[in-house]
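# Examining the three-dimensional arrangement
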Amino acid sequence: MERVRALMLSDEALIDLYHRADPSAVERAARAILNVAPDRTVALRILGVVLFQQRRFEDALPIQTKLLSDRSEPLDIINIAATLRGLGRDDQAIALLRRVLDVNPGNSHAASNLGALLLSRGRAAEAEEVLTEALAQNPEDPDLLTNRGAARLALSDFEGGRQDHCDAYDQGGRNPALLNSIGCMLLDAGRLSEAQALFSSVLATDPNHVDTLINLAICRANLGHAVEAEPLLKRAADLSPDLPRVHGAMMMLSNYLPDWSAADSLACGARFEAALRRKLGAGTKLAKRPPRARLRVGLVSGDLRRHPVGYFLAGVLGQACGEIDFFAYPTVAAADDVSERLRTACIAWKPINALTDHEAARMIQADSIDILIDLAGHTEHNRLGLFVLRAAPVQISWLGYSATTGLSDIDYFVGDEIVAPPEMQGWFTERLIRLPTSYLCYTPPEFAPPVAPPPAMSSGTVTFGCYNKLSKLNRSVVACWSAILNELPGARLILQNSPLADANVAADIRKRFAEYGVHEQLVLRPGTDHATYLASFADIDIALDPFPFPGGTTTYDALWMGVPTVTLLGDRFLARAGASFAHSSGLRDWVASDIEGYKTIAVDKARDLEALAALRRSLRVRVASTALFDAKRFAPGFVAMLRSL
């Protein structure tokens, strides 16, 4: 009777069941049909789709491959390619999609999937070519336009990418996801007020659009409203608790939140790790290898280039490569002169931007890496999934991120005595270890100009400055800096950052200071190229550190250009970074223990112009001989630390 019922269920009835029933019912019906008619095409197709939609890729593939022949329907081949991609077998998926396009070049579904797959593998130029060829026959296809827009953006063609996404939006029935993508482009281009308006318009029609909630939160934080960004991310996390990105974004945002606690940090880290493990599955616990003469140390980062991470690494690797074999695993394809300098200090340079986490982990394991260093944390282009998969027997985090990753498979976090005293351990899942010097060593750009005379000596009054991101300017910071300016009526404060080129952003910053009575004393400047940025330190006498997220590279640049920084010793690793730099440079009297002390130091230092001038003349020479800038002094402690692990 069961056999008869299965055979009586028509293809149309099975399709109808697929559209109205739960997946388990559809699976039972399809399997019942296949038990008596194993070659029934529609049953095979629907069962494969149902298994794929449940991410049961291993179960779906043998079902779907029964449909594979010389006369296969393009849809079946495309479905098999999607399953292969789910299994991480991207090369086979690419070959199948090309097979469809060889026979039917106008198949927009195959072209769109192939373009997206090539782009995910870092092959943006190939993706653009495939998508452009398909668009010649399907010029109004929104998926093709969307994916080509993403490929063009990856090729640094911002206007082309934006236009493709706008065209896709016009052709795609006003899809909110496309507006979100356009907003992301504006966000990446620093056009924050435009991005904010676009994200807000998406949420006005679809308040539960998770990606847009995350992106609006990032945008709000970048505008200096991190506290307002927090509820957006909490809503996104409630809607998509299994999405690692939302918890990673909250971890990143937490660095800007004054009231964030150690308990908050560990709880958010646990949610991030759980989501990432659900996505990737279990890794491999590798046995620690016996000591050998030369350690193999892997470096994972998207910033091995003209970026703060690149500048902090360059001198250290140059000094340490005589004793350690470094393997670089860049997570982006971009490279420049700093990349070449780093490459010369490594025995292998293996980009992983086109590899899945599983593929990259297998490569690193095959390279017999002893210690794998995460240089990104929750910043852009991170590959924390590699560390969840236990790509190396010892895994540490250093340099690129100054808070816990939340991952139990990252064994150690590198700091120094100031940022990582024993009481900071409660903020970390990793075990804190301390270098004998500052935990960072910077190589200033060769094009840095000479130290200029202090502007106060000619103007008669002090100019303060901050070149940090606007995201660090919370309400407490604005109130503190305003109080300093109100006590020194002749003083000025220069804020310099790329988003300030936007009139709306600048107006918002002025409004926030005006609430505390500061008007003409505030000078706002847009960002500049690197050389001009360094030269602009000639315009300030004293740098002001924001809190709880102080400057990093900007503080080192200020020191090199002869400008001391007033900083606050905060309640967490990151919030103590400025104090670490000050201690190492002999400027302990520039470190405050509370906000009132911060104001006092800033005002008192501003009133002693002769002392400021003397410090400016000597500061570069003084810091150049410390481990802050001298890789020869820094490297021995760094090498000893790695060997001890």
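As a reminder, the structure under discussion sits directly above these lines.
Summarised in this report is the structure supplied together with it. Keep in mind the model is a prediction, meaning the values are calculated, not measured.

To continue, consider the side chain of arginine 383. Relative to the helices and strands, arginine 383 is located in the loop between β4 (371-374) and α21 (384-388). By relative accessible area, arginine 383 is classed as buried at 14%. Here threonine 356 takes part through its backbone oxygen, which lies 3.5 Å from a polar atom of the side chain of arginine 383. Apart from residues no more than four positions distant in its own chain, arginine 383 is found in contact with Val300, Thr331, Ile352, Asn353, Leu355, Thr356, Asp357 and Ala360.

What follows is about the sheet that holds strand β11 (residues 542-544). The sheet built from six strands is open, its strands ordered β10-β9-β8-β11-β12-β13 with parallel pairing. Each edge of the open sheet is held by one strand with a lone partner, namely β10 (522-525) and β13 (591-592). Two strands pair when backbone bridges link them, and strand β8 (residues 463-466) and β11 are joined in this way by two bridges, in the parallel orientation. Each residue of the ladder has a partner; that of glycine 465, found in β11, is alanine 543. Across the sheet, helix α28 (residues 595-606) lies against β8, β11, β12 (565-568) and β13, angled at about 170 degrees from β12, the strand it touches most.

Two elements in contact, helix α15 (residues 226-239) and helix α16 (residues 244-254), have axes separated by 10 Å at closest approach and are oriented at 160 degrees. Relative to α16, the element α15 lies roughly antiparallel. At the point where α15 passes α16, the crossing takes the left-handed sense. On the side of α15, the interface is formed by Ala226, Ala229, Glu230, Leu233, Lys234, Ala236 and Ala237, while α16 contributes Val246, His247, Ala249, Met250 and Leu253. By residue class, the composition of the contact of α15 with α16 is nine nonpolar, one polar and two charged.

Now for the packing of aromatic side chains. Evaluated as defined, the whole model comprises 21 aromatic pairs. Aromatic pair tyrosine 467 and phenylalanine 537: ring centres 4.9 Å apart, planes at 55 degrees, arrangement tilted. One end of the pair, tyrosine 467, is in the loop between β8 and α23 (475-487); the other, phenylalanine 537, is in the loop between α25 (530-535) and β11, with 70 residues separating them in the sequence. Across the pair, exposure class does not vary: tyrosine 467 and phenylalanine 537 are buried alike. Chaining the aromatic ring pairs together yields one cluster made of Tyr311, Phe312, Phe413, Phe428, Tyr439, Tyr442, Tyr556, Trp560, Phe573, Phe581 and Phe629.

Criteria and thresholds
Residues numbered from 1 in each chain as written. Predicted model: local features only at pLDDT ≥ 70, side-chain atom pairs only at ≥ 80, totals over all residues. Heavy atoms only, no water. Helix = DSSP H or I, 4+ residues; strand = E, 2+ residues; numbered from the N terminus. Buried < 20%, exposed > 50% of the residue type's maximum accessible area, 1.4 Å probe, protein only. Polar contact = N/O pair within 3.5 Å; in protein donor to acceptor, adjacent residues only side chain to side chain. Contact = heavy atoms within 4.5 Å. Pairing = 2+ DSSP bridges. Axes fitted to C-alpha atoms, helices over the stretch in contact; angles between N-to-C directions. Parallel < 35°, antiparallel > 145°, perpendicular 65-115°, else oblique. Left-handed = near helix turned anticlockwise from the far one by under 90°. Nonpolar A, V, L, I, M, F, W, Y, C, P; charged D, E, K, R; others polar. Phe/Tyr/Trp six-rings, centres within 6.5 Å; stacked < 30°, edge-to-face > 60°.

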